[in-house]
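Examination of the molecular architecture
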Amino acid sequence: MNHHTARSYILPLSFLIISIYVVVTTVIAVFSAYSPVPHWDQWEMITPSEHWSHLFDQHNEHRIAVARIFFIIDSVLFKGSNAFNLTSILAIQAVHVAILLLLARRSGIEAGAMTVWSAGFLIVLLFWGYQLENFSWGFQVQFVGVYAAATAAFAALALRAGTLSGLVLAILCTAIAVYSMANGVLVPVLLIALGVWLRLPKWHLAALVVACAALLWSYLSGYQRPASHADPKDIIRHADLVVSYALTYLGGPLTRLLSDGGSAIDPGQAASLVSAALVVGGLGALLATAVGVRLLLGRGVAHPARLALLSSMVFVAATAFLTGLGRVHLPLYQAMSQRYGAGVVVFWSAGALLILSLLPAGRWRQVWMVGLSALCLLVAGTQPSIIKEAEAIGSTRNQTVTAMLAGADDTDLLRYIYPAPLQILDRIGRLREEHLSVFAQDWSAWRGTKLADQVKLEMPGACLGSFDIVKPIVTPDKPGWRVAGWAWDRKAGRVPERIVLADAEGTVVGYALSGSPRPDVLKALSEVRSKQAGWHGHVSIERGSAVTAYAITNGGQTACPLGQPQNFNVHDVVRFAPAAKAGRAVPMESPAIEGDWGIDAFNSAAGPAPVDGTIYASWTGSDAHTGELQWRSGPLGDTRSLLIPVVTGPRTEGLMLRIADPTTGRILSELPLANAIPWQLWEIALPEDGSVRTIEIQAKDEGRGWGQWLAVGQPHAPL
C-alpha cells in the first residue's frame, strides 16, 4: 500500500470507528431499556398457542404472521423474555446494512476506501439510537423486518435479473414483507414495476404478477378497516394534511438532530420541529424524484442495483403517504415518532449512496461525502441522550416486574406497560401459570412460601442496608404497597440484585430489585462502593404484619436481613369502589374555604360525578385558581367505611387530599396524587371500634399550571 492509498483510508477508517461507537452505544441503550415484561401490544397475545391460533389474523391494519413466529420462538425457547426478539431486531438491521452495501457496490461505488466509508455510513444511520422504540421493544421486530424484506426483494430481482433463483427469492422476500406489516402490500406493486424496468422475460413477469396478486388477495381477504383510522371521506377533504404528514414523516429523524434525538417532543418546540421536518421531507421527496428522472432519462446509468436502491426509497416514501392516510386526524408531530425512523433511515441511506454512485470522482463527490460525514457526527452526538432515555425506560418497566411478582395491582405503574392496566391483570396470571416472562425465574414461585424453605437465612450484619419507605398504592381490589430501601452485600462487596420481603411468619409477601441511585449511602458509608445501592419493590399482604426485607446473596443460596422490619396496616391501602356500592349520602356542614373553591366548579371535560350529592372543586373556570377546603361531616352513625367521589385534572402537582378526625386531628387517610385520577369513589376504612364519629375532608390546590385542579364530593356510606 503506497502513501497516497494509505492516506485515502484515514477518513473511512475514522468513520468506521464512529460507526462502531454508534453500534456499541445503541447496544448499551438496548441493555439499559431491557425488561422481560410484555409491553403494550404484546399483552394481547402472550402464549405460543395464542400466536399459533391467530397467526394470520389482523392486528390493527397489519397481518403480522412473520413477527408472530419470532414471538413463538421467544416464548418456547427463551421463556418469553424478549431476548430473542430484541436480538433479532439488531440482527435484521445488520443484514439490512449488508444488503444495502452490496447494492451500493454493484451501483458503482469503488472497492477499498469508498466501500469502507459506505459501510460506516450505513451502520451509523441504521443503528442510530433514534429508533430506540424499535430497538427496545420486542414487538417491533416487524417494523425493521418489513424494510429489510423489501430491500432484499428488490435486490434479489435486480442483482439476479432473469434467473429463476432471483425470481423465487424476490417473491419469498415479498411474502415476508406482506406478512410483516400493512405497508408490505406496496412491495408487490413496486416489484412488478421494477421487473418491467429491468425488462425481465415475459414468463418471469407473468409469474411475478400471479404471485404478487395471490399475496395481495390473501392479505386483503376478510380485511376490515380499523375503527381508529381516519374516515376515507376525511382523507379526500384533507389531502393537503396527508401530504404534510408524509413529508413530516420523511423529515422527522433528521430534524430531530436539532434537539437531542430523543422521543419526547417539547410542546414549545413541536411547531418549529414540524416546520423544519416539512422542509427536510420536501427536499427528500425532490431528491428521490430527481434521482428517478436521472435514472429514467440518463443513458447507461440505470444499473439494476441503482434501480433496487431507488425502489427502496420509493417504498419508504409510499409508506409515509400510506401512514398519513390512516392518521390524517392526528397532529403532525406524531409523524416524528421513533418507530417510523426504521424506514426513514433506509430512505436517506439509499438516497445518499445512490447519489454517491452517480457522482464522478472529484470535488463534488468529496463535498457530498464530507456533508454526510458531518451528518453522521451529529447522529453520534445524540447517542448519550438516547442512553439516558433508555435507562429511564428500563427503570420504569422493571418497577412493574416487582408489582407482577408480588401480585400488587399497582395500576399507576402498570399503565406504563399497558394503557388499560385493569385489563391485563388476568394476563399477568396467565404468564404466571405458563412460567413466562418475569415468572420464568425460580424465585418467582417463592411468593406464599416460607423464605427459610428456599434459602439459608443469615444472621443480621451479613449485609448492610435498610428498609426505608412503605407507601400504599391505589388498588381496585387487594392491599398493596410500594417499598424501597438500600442494600450492600458485605461478603461479595457489591449491591445484591434481588430483594425479597417476608412477613412476621417468614412467608414471602413481596419482591424488590436493586439499581436505584442512593448517593447519600455512598457518601455516608465508606464500605459501600456503589451509588446504585437503592432498591424498589412491592408488597401484597392481606392482613397487618411486620415485614422484613432480605437481600438474596451467594448466588441465590442465602438471604440476609436489611435493617429493621416495617409495620404494614391494611387500612392504609387506597381502594376505589364501583358506583353501585354507594348507599346513602352522609350529611355535611358548610365548608371553610380559602381561595377559589366552588360548588360543581370542576372542568366539564371530567364528565358527571358517579354519585349524587354536593361537589366542591378548585377549577372554578381556570386551571390557575388555587385554594383550600375544610369540609366537616355530620354524625357518621354506625358506618365503618365511606365512599368519597374524587377527580383531578390531567396534572396533579400541588394537589392534596386527605381525611382527618376533627376531634383528635389524626389523619385517617391521604390519597396519593402521583397520577391524574378520573372520577372514582375513594373507599375509606374507619376504625372498627367506632371511635371516629365525624370526619373532615381537607383539600388543597396550590397548582397554577395547566390541568392542575381537584374536585371532591359528598361522602356516601356503602350499601
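Report on the accompanying structure. Quantities reported herein were computed from a predicted structural model and do not represent experimental measurements.

Observations regarding the overall build of the protein chain
Broken down by element type, the protein chain carries 21 helices and 25 strands. Buried residues in the protein chain amount to 54% of all 719 residues. Of the contacts made within the protein chain by residues no fewer than 6 positions apart, 77% connect residues no fewer than 24 positions apart. A total of about 30,800 Å² of accessible surface is found on the protein chain, and carbon and sulfur atoms cover 60% of it. Across the protein chain, the centroid of the 52 positively charged side chains sits 13 Å from that of the 51 negatively charged ones.

Some words on the packing of helix 9 (residues 164-178) against helix 10 (residues 186-197)
Viewed as axis vectors pointing N to C, helix 9 and helix 10 meet at an angle of 155°, and their least axial separation amounts to 8 Å. One finds that helix 9 runs roughly antiparallel with respect to helix 10. Here Ala 170, Thr 174, Ala 177 and Val 178 of helix 9 lie close against helix 10, whose contacting residues are Val 187, Pro 188 and Leu 191.

Considerations on the pairing of strand 10 (residues 545-553)
A large share of strand 10 lies buried, amounting to eight of its nine residues. Direction of pairing for strand 7 (residues 498-502) relative to strand 10: antiparallel, over a ladder of four bridges. Looking at the pairing, Val 500 lines up with Tyr 550 of strand 10. Looking at chain direction, strand 10 and strand 12 (residues 566-568) are connected through three bridges and run antiparallel. Residue Ser 545 lies in a different strand from strand 12, and its bridge partner there is Phe 568. Taken together, the four bridges between strand 10 and strand 11 (residues 558-561) define a ladder with antiparallel strand orientation. Within strand 11, the residue paired with Thr 553 across the bridge is Thr 558. From the end of strand 10 to the start of strand 11, which pair antiparallel, there are four residues, and Asn 554 there has a positive phi angle of about 55°.

With respect to the nonpolar core
Side chains of nonpolar character tend, in soluble globular proteins, to be buried together. Judged by nonpolar contacts, the single largest core of 107 residues is most densely connected at Phe 121, Phe 154, Leu 157, Tyr 249 and Phe 315. Sorting elements by how many residues they give to this core places helix 8 (residues 141-159) first, with 15 residues.

Here's the deal with helix 18 (residues 383-406)
If you check helix 18, its first and last C-alpha atoms are 35 Å apart, about what 24 residues at 1.5 Å a residue would give, namely 34 Å. Positive phi shows up at Gly 407, right after helix 18, with a value of about 75°.

A few points about the state of the cysteines
As used in these notes, a disulfide is a covalent bond between sulfur atoms, one from each of two cysteines. Applying the stated rule across the entire model yields one disulfide. A disulfide bridge connects Cys 463 with Cys 560, and the sulfur atoms are separated by 1.7 Å. Judged by the sign of its S-S torsion, about -60°, the bond between Cys 463 and Cys 560 is left-handed. Taken together, the residues Cys 463 in strand 4 (residues 463-472) and Cys 560 in strand 11 connect sequence positions 97 residues apart. Classification of Cys 463 as buried rests on a relative accessible area of 6%.

Side note on the pattern of salt bridges
Tallied over the full model, the rule gives 14 salt bridges. As a salt-bridge pair, Arg 482 and Asp 410 come within 2.7 Å of each other at their nearest N and O atoms. Here the residue Arg 482 occupies a position in strand 6 (residues 481-489), and Asp 410 occupies one in the loop between helix 18 and helix 19 (411-414), the gap between them amounting to 72 residues. A relative accessible area of 22% places Arg 482 in the partly exposed class. Measuring nitrogen to oxygen at the nearest pair gives 3.6 Å for the salt bridge that ties Glu 696 to Arg 632. One end of the pair, Glu 696, is in strand 23 (residues 696-701); the other, Arg 632, is in strand 18 (residues 627-632), with 64 residues separating them in the sequence. Bridged by salt links that share partners, the residues Glu 50, Arg 427, Arg 430 and Glu 434 form one connected network.

Some details on helix 5 (residues 83-106)
Taking 1.5 Å per residue as the helical rise, helix 5 with its 24 residues ought to reach 34 Å, and the 35 Å between its terminal C-alpha atoms agrees with that figure. In the stretch just after helix 5, Gly 108 is the one whose phi turns positive, near 120°.

Looking at a nonpolar patch on the surface
A cluster of nonpolar residues, Trp 197, Val 293, Leu 296 and Leu 297, forms a patch on the protein surface that exposes about 410 Å² of accessible area. When residues of the nonpolar patch are assigned to their parent elements, the largest contribution, three residues, is made by helix 14 (residues 267-297). Take Val 293: it is sitting in helix 14.

Observations concerning the side chain of Gln 714
As for its placement among the helices and strands, Gln 714 is situated in the loop between strand 24 (710-713) and strand 25 (716-718). In this structure the side chain of Gln 714 is engaged in a polar contact, spanning 2.8 Å, whose partner is the backbone oxygen of Val 586. Beyond its immediate chain neighbours, meaning those up to four positions away, Gln 714 contacts Ala 585, Val 586, Pro 587, Met 588, Gly 613, Thr 614, Trp 631, Leu 643 and Pro 645.

Considering the environment of Leu 405
By the element assignment, Leu 405 lies in helix 18. On the basis of relative accessible area, Leu 405 is assigned to the buried category, the value being 1%. Spatially, the C-alpha atom of Leu 405 lies 32 Å from that of Arg 63, the residues being 342 residues apart in sequence. In contact with Leu 405, not counting residues within four places along its chain, are Arg 432, Val 438, Phe 439, Trp 443, Ser 444, Arg 447 and Tyr 511.

Some details on the packing of aromatic side chains
Inspection of the entire model under this criterion finds 19 aromatic pairs. Geometrically, the ring pair formed by Trp 481 and Phe 568 is edge-to-face, given 5.0 Å between the ring centres and 80° between the ring planes. Within this pair, whereas Trp 481 is found in strand 6, its partner Phe 568 is found in strand 12, the two being separated by 87 residues in sequence. The burial state of Trp 481 is the same as that of Phe 568; both residues are buried. Through successive ring pairs, a cluster of aromatic residues spans Phe 56, Tyr 179, Tyr 219 and Tyr 223. Note that Arg 63 overlies the ring of Tyr 219, its terminal NZ or CZ placed 5.5 Å from the centroid. Above the face of the Trp 443 ring, Arg 498 is positioned so that its terminal group lies 5.0 Å from the ring centre.

Description of the side chain of Arg 397
Examined against the element boundaries, Arg 397 turns out to sit in helix 18. Buried and unpaired, Arg 397 has Glu 133 as its nearest opposite-charge partner, separated by 7.4 Å. Among all residues touching Arg 397, those that are not within four sequence positions of it are Ala 33, Ser 35, Val 37, His 39 and Ser 136.

Remarks on unusual backbone geometry
With a phi close to 55°, Asn 60 is a non-glycine residue in the positive phi region. You will see that Arg 199, though not glycine, has its phi angle at about 55°, which is positive. Relative to the helices and strands, Arg 199 resides in the loop between helix 10 and helix 11 (202-220).

Analysis parameters
Residues numbered from 1 in each chain as written. Predicted model: local features only at pLDDT ≥ 70, side-chain atom pairs only at ≥ 80, totals over all residues. Heavy atoms only, no water. Helix = DSSP H or I, 4+ residues; strand = E, 2+ residues; numbered from the N terminus. Buried < 20%, exposed > 50% of the residue type's maximum accessible area, 1.4 Å probe, protein only. Contact = heavy atoms within 4.5 Å. Areas by Shrake-Rupley, 256 points an atom, 1.4 Å probe, with all protein chains shown as cover. Lys, Arg positive; Asp, Glu negative; His and termini not counted. Charge placed at Lys NZ, Arg CZ, Asp CG, Glu CD. Axes fitted to C-alpha atoms, helices over the stretch in contact; angles between N-to-C directions. Parallel < 35°, antiparallel > 145°, perpendicular 65-115°, else oblique. Pairing = 2+ DSSP bridges. Core = buried A, V, L, I, M, F, W, Y, C linked by side-chain atoms within 4.5 Å. Expected span 1.5 Å × (residues − 1). Disulfide = S-S within 2.5 Å. Salt bridge = Lys/Arg side-chain N within 4 Å of Asp/Glu carboxyl O. Patch = residues over 30% accessible without salt bridge, like charges linked within 9 Å, V, L, I, M, F, W, Y side chains within 5 Å. Polar contact = N/O pair within 3.5 Å; in protein donor to acceptor, adjacent residues only side chain to side chain. Phe/Tyr/Trp six-rings, centres within 6.5 Å; stacked < 30°, edge-to-face > 60°. Lys NZ or Arg CZ within 6 Å of the ring centre and 35° of its normal.

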